[in-house]
Every structure is written in structure tokens, then in C-alpha cells.
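# Descriptive analysis of the structure
Residue-level listing of the chains:
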Amino acid sequence: MSLESMSPNPSSMVPVYRTLDEVPQNFGPSIAVIGNFDGVHRGHRQVLGAAAAEARSRGMRSIAITFQPHPAQFLYPKEAPRLLTFLPERLRLLATTGVDAVLVLHFDEALSRVTAEEFVRNFLVGVLRARGIHEGSNFRFGHGAKAGVNELRAFGEGFGFAVQVHPAVRVHGMEVSSSAVRSLIAAGDVRRARWMLGRVFSVDSHPAKGRGVGTKLLVPTVNLAPYEGILPGFGVYVTRLTVGERCFDAVTNVGNRPTFEGVGFGVETHILDFETIDLSDETPLHLEFLLRLRGEVQWPSTEALKAQIFKDVARAKRYFQIEALRQGDSSLR
């Protein structure tokens, strides 16, 4: 099963158009936002929310225009960053921003050669009848990303749409961007990444191959299948694992597990308060990274590792107890 099919299509929430031909002829006039929207972080949400609000106030429709694959993955596959969100999750998140529809344009050689003026004339004005565009200040578009917000404003004057440019959102003094979120996650700082995203960083995948279909999980450990998106830096994390429809508090190790020679890289999750559950190679897993406990260490013996694991588990349980108290769980008072 591919990463693109692991999450439900949110089309029941908002229409998702996969080509220009799918856009209804009477869709416009519209207010549009164009972007990759990797992560759909707080900055994205501010711009998308403003576009949706303007559309509502003017009796128009709002639309988010995004690309699949990510342009960098097509143009520079070796240098392209690992993604925060794959398309199904990105669509689900976009559907929560208030926009009325999402247009997913297939990014290929032909689209990469479309000039900024052609994109404005044929896509924004010709099909969507755009009357307003909202973008961040670092927005670039057109062949070779040669055009920015100044050029977009000039096009707007000629084609009859207004452009609103939004400054970068700052959280706790940090400027929010997809690249900044990726850097924090790569460093293991899932706490500050959560501030920027406005939600917990999570991964959607499946168990590692080899368990067979219809088996029971009899030990409290689940290994994640190889994952193409970004993962937190090597270390041990307090996590929450959803297996199918059931959610468990957990501790997760990301790394090469150096205490055991030759094991290699893995994402291994230890479920707290474990109970036997059904698990197959295709069981959907949703893993949330809540807090980094420590970096990965090569212990002198398996006994030393086991002793540390007990400490990690105790700290994780304490974390969940405190979180429950904060949320008003009277059973822990």
C-alpha cells in the first residue's frame, strides 16, 4: 500500500479537483491561495483562513491550489527535503482551514515550464476567475520560480484581482516555515515543532513487514515500516500510538539501536499498559511524537539498556499523568 493511499480522501468535507477540467465552470469568482502547504502549519493556516474569510464576506468561493508531487521532489529529487505531510494528510488538514475547495495540480515537466503570466491568465483568471489572491511574502511561482509577490501584484492590476501579502507568522520569537519545522524535527525538537505546526507532529504508516495477516500482537513492541517522510532525530520520545481504532500511550526509539550490533535503523515503539491486539502488515498506525526524553546511547550491556528503559517508561508515565491532570481527569487528582 502506498503512502498516498494511507489516509482517507477528505473529498466528503471539501471538493478536491485533480485537474483544471474537473473545476466546475461556475466555480468562480474566487479567492485563491497557491502553495505546497507542506505541514499546513500556523503560517499556512493564517493565509488560508484569511482567504476563506474574504471569500465568505464577498459571496465568493475560496480555493487552495497545491501540487503533487512537491515541485522540489520533481525538479531536484536528490536534494529535495523529506516531507512533513503526504498528500492525503495535507488534503485532510487543508479541509479544516475553511477553504471551499482544493485544486491539486500534477507537477510535471509541462507544468514546470508554465510561465508566471501563463499561470495567471490560464489558471487563476481563465478557470478560477480569481478576484483575490492571498500569499506569504516569500511566495515564488512560474517557470524557474522567477516571479514573486511584486510580479503577482502587477498581474493583478492588469487582470483585475487584488493581492494580499501576509507577513511570516512568529511563535515564541520563531518565524514559522516548513523548512524551520523540518529543521526542528530533524534535531529532535518535537516540542517547538509542535508550536509551529499548531498540533503534534505525527507519522502515518504500517507495521514492519513479516508479521503476517491476522496475527496477534503478543508483546508490547511495534516496529514501524520504512518511512519516506521526515522522522525526528535519533533518540527516545514520549509518543502516542493509534493502532487501527485504538490509542495507546507509548515510548518510541528512533535510531540505529547501537547496543545491538548489526540491527540497523528502526522506529520501535513500546506500548505502555499493553494488552493483546490484532495486527497485520496493513494495520494503519498513527504515531504522535509528544516529547523527546533523551538522545540515543550505546549502552555497555543489555542490562544497562533495560535499566534505562525502565527509567524512560517511568518518565513517560509521569508525563501522561501530568497531561491528564491538566485536562481535568479527576481520577488522577
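For the structure itself, consult the block above.
Values in this document were obtained by computation on a predicted structure and should not be read as measured data.

## Some thoughts on the sheet that holds strand β11 (residues 221-223)
The sheet built from 6 strands is open, its strands ordered β9-β16-β12-β13-β14-β11 with antiparallel pairing. Edge positions in the sheet fall to β9 (201-205) and β11, since each has one partner strand and no second. Put simply, the sheet's adjacent strands are angled 30° from each other on average, direction ignored. Sheet topology places strand β13 (residues 246-255) next to strand β14 (residues 266-271); 6 bridges connect them, and they run antiparallel.

## Some words on the layout of surface pockets
The gaps left among the atoms become clear once a water-sized probe is rolled over them. Within this model, the largest pocket holds a volume of roughly 1200 Å³. Of all elements in the fold, only β2 (30-34), α1 (42-58), α2 (71-75), α4 (109-112), β5 (130-136) and α7 (178-186) reach the threshold of two or more residues within the lining of the largest pocket. Taken together, the residues of the lining of the largest pocket sort by class into 21 nonpolar, 17 polar and 5 charged.

## Thoughts on the packing of aromatic side chains
Within this structure, the stated rule accounts for 11 aromatic pairs. Aromatic pair Phe119 and Phe123: ring centres 4.6 Å apart, planes at 15°, arrangement stacked. With Phe119 and Phe123 both in helix α5 (residues 116-125), this residue pair falls 4 residues apart, about one helical turn. Like Phe123, Phe119 is buried. Counting every residue linked through ring pairs, the aromatic cluster contains Phe119, Phe123, Phe139 and Phe141.

## Points about the pairing of strand β3 (residues 61-68)
With 6 of 8 residues buried, β3 lies mostly within the body of the structure. Both β2 and β3 contribute to a ladder of 5 bridges, which runs parallel. If you follow Ile31 over to β3, its bridge partner there is Ser62. Assessed by its sense of winding, the connection that carries the chain from β2 through α1 to β3 is right-handed.

Thresholds applied
Residues numbered from 1 in each chain as written. Predicted model: local features only at pLDDT ≥ 70, side-chain atom pairs only at ≥ 80, totals over all residues. Heavy atoms only, no water. Pairing = 2+ DSSP bridges. Helix = DSSP H or I, 4+ residues; strand = E, 2+ residues; numbered from the N terminus. Axes fitted to C-alpha atoms, helices over the stretch in contact; angles between N-to-C directions. 1 Å grid on protein atoms, 1.4 Å probe; cavity = no way out; pocket = protein on both sides within 12 Å on 5 of 7 lines; lining within 4 Å. Points joined across faces, edges and corners; volume = space filled by probe spheres on them. Nonpolar A, V, L, I, M, F, W, Y, C, P; charged D, E, K, R; others polar. Phe/Tyr/Trp six-rings, centres within 6.5 Å; stacked < 30°, edge-to-face > 60°. Buried < 20%, exposed > 50% of the residue type's maximum accessible area, 1.4 Å probe, protein only. Right-handed = clockwise from strand over helix to strand, strands pointing away.

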